Amino acid sequence: MKKSVIALIAVVVLAGAAVAAVPVIERHAAASIKGEIERNGTAKVDEVSVSLLSRRVTLLNLKSKTTAEELNVGRWEASGLAWPIGELLAGRTPLAGFRWGDPLRAGKVELENVQMADKATGGRWSMDALLIEGFDLARYDAAYDGMFRFAVLTTRAMGALSVRRLEQRNTRVTLPDSGEAVGLASVVLDGYERGRIATLAMVGMEIAAGEGQPAQLSIAENKATKIDFSRTIAAMSSDKWYPGAPSGRIHIETAKATGFGGELFKRYGISLAGASFQTAQVRDKVSRTRTLVEGFVLAPPLRGLEGLSMRMALQSMGIKEVKADFDCYGTEDQGKGELTLDRCALTSPGLGEVELSARIVNADATFWNALDEGDILLLQDSTAALGSARLVLADKSLLERSLRAVATMTRQPVATLRAEWARDVRLYQPSGVLISQAMTQLLDTAARFVEQGGTLVVEAKPDPPVGFDRLDYLLNPGADLVSVLGLKATLLK
């Protein structure tokens, strides 16, 4: 590029022109930017305008098309532009066709009617409007020659980006390969720093099987704080990344979703008050998490084949609806080398309760790295092992109601059906498992639970703890699961 052109654009960014020459310089700068954008023939823009005093550049009807992707922007405006002097000295200027890897800083960036498409994967993204304040995109590596160029380079840009505040309106995304469509009425983000978000709020989320189809799932509002997906960015920025590859664990301090709906919920008569997640750092290397799902109600409607079928099934059990809540606590203690599922409980008032707890011991650096990187295969190289587990099934009326429902459909006495179920449990022989005396005793306890109800407790206390390196044995024919896992069943009244 000629030195005069560079000088003109530098004036646009640094606002150093004389006041009397402003209109002339602005016209020359706009023409130079338009020419630079259209120079290689892959992009066109209808109009470019420049304001020196506001350090603002506006593009109207920008279109860019390559063999890999397409970009259409109805209006693109950046104000409060700042451009490093080192970039100018190297002959690199902003707004030169939106090249991957170029840095850019601006006080405010506004876009309207944006459409992007990745031809390689079929993914598409569009939005009505985007407002970004405090935009700071550092230079990043744009060298990539793989199949997933758009996804990888977008991720690299996110890893180089900082934003003070972002607002989007009416965003629509078509997911690669699957064609599923995701819509968002609005997104508000505060404090984004290279893969870390201070707060995020999304309103009007809808997920459909395809574009133009009714939403199968909708969520009125999602809120989250202190989100860290920098590991995911690092993984997806690699030249070796591909869809389905390990992409790292995302850390979230708090998240809450409310206002669930959609065709799937209507079809089965489902309502849900909300779902939430939170992480608390108790002390150094010790954190606790809680997942809570509240106010689940299943009340099948008297319409549609699925709704009628489920309604009849519930009526045969003597109930009109099913209510349930799920509450799960867990603790990571990296100093002690333990990961515990303190208590996960699924509770349905009047029907029953399922409670699960477990403890993994001897967790080493390889184990924690496998969790952080999302690479499950690494667990085989870890010393981590199952120390204990406990499953509790508390029957409040579900067993009796289920027996009555099946007895009505099969026209059998409840007592006869109960005896048959208990007999089937006692005679059950799982494939590839050694049927030892201990296994027979365990099955007999489960059969008495069918006969008597109450609370069934199944515990695993392996001695020594069972490591991931023994999974091959446990999956082999003839494995003695009861002895190796230290299984024991108890029936409580």
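Figured I'd write up the structure that's included with this text. Because the structure is a prediction, the values reported are computed rather than measured.

Concerning unusual backbone geometry
Now for step 1: Following D463, the chain continues to P464 via a peptide bond in cis, the omega torsion being 5°.
Now for step 2: The backbone of N170 sits at a positive phi, close to 50°, despite the residue not being glycine.
Now for step 3: You can see N170 is positioned in strand 6 (residues 161-174).
Now for step 4: A residue is classified by how much of its surface remains accessible, and N170, at 34% relative accessible area, is partly exposed.
Now for step 5: You will see that K285, though not glycine, has its phi angle at about 70°, which is positive.
Now for step 6: Here K285 is to be found in the loop between strand 12 (274-283) and strand 13 (286-298).

Some thoughts on the side chain of R418
Now for step 1: Within the secondary structure layout, R418 lies in helix 10 (residues 414-426).
Now for step 2: For R418, a relative accessible area of 17% gives the class buried.
Now for step 3: Among the polar contacts made by the side chain of R418, one reaches the main-chain carbonyl oxygen of E451 at a distance of 3.5 Å.
Now for step 4: In contact with R418, not counting residues within four places along its chain, are L399, E400, L403, V450 and E451.

Some words on the state of the cysteines
Now for step 1: Tallied over the entire structure, the rule returns 1 disulfide.
Now for step 2: There is a disulfide in this structure between C328 and C344, and the S-S distance comes to 1.7 Å. Linking C328 in strand 14 (residues 322-333) with C344 in strand 15 (residues 338-348), this pair joins segments that are 16 residues apart in sequence. Each member of the pair, C328 together with C344, is buried.

A closer look at helix 11 (residues 437-452)
Now for step 1: Here helix 11 is 16 residues long and its end C-alpha atoms lie 22 Å apart, about the 22 Å a rise of 1.5 Å per residue gives.
Now for step 2: Buried within helix 11 we find M439, L442, L443, T445, A446, A447, F449 and V450.
Now for step 3: In the core, the buried residues of helix 11 are packed alongside strand 17 (385-395), helix 9 (398-410), helix 10, strand 18 (455-460), helix 13 (481-485) and strand 20 (487-492).

Topic: the pattern of salt bridges
Now for step 1: On inspection of all chains with the given rule, the structure shows 28 salt bridges.
Now for step 2: Overlapping salt bridges, with partners in common, bring together R231, R249, E332, D372 and E373 in one network.

Concerning helix 10
Now for step 1: With 13 residues, helix 10 should cover 18 Å at 1.5 Å per step; its first-to-last C-alpha distance of 19 Å lies within 8% of that length.
Now for step 2: Along helix 10, the residues that are buried comprise L417, R418 and A422. In an axial view of helix 10, the angular spread of the buried residues amounts to 135°, which keeps them on one side of the axis.
Now for step 3: Looking at the buried positions of helix 10, the neighbouring elements they touch are helix 9 and helix 11.

Cut-offs applied
Residues numbered from 1 in each chain as written. Predicted model: local features only at pLDDT ≥ 70, side-chain atom pairs only at ≥ 80, totals over all residues. Heavy atoms only, no water. Helix = DSSP H or I, 4+ residues; strand = E, 2+ residues; numbered from the N terminus. Buried < 20%, exposed > 50% of the residue type's maximum accessible area, 1.4 Å probe, protein only. Polar contact = N/O pair within 3.5 Å; in protein donor to acceptor, adjacent residues only side chain to side chain. Contact = heavy atoms within 4.5 Å. Disulfide = S-S within 2.5 Å. Expected span 1.5 Å × (residues − 1). Salt bridge = Lys/Arg side-chain N within 4 Å of Asp/Glu carboxyl O. Arc of directions from axis to C-beta.

Remember that the coordinates give geometry; whether it matters functionally is a separate question.
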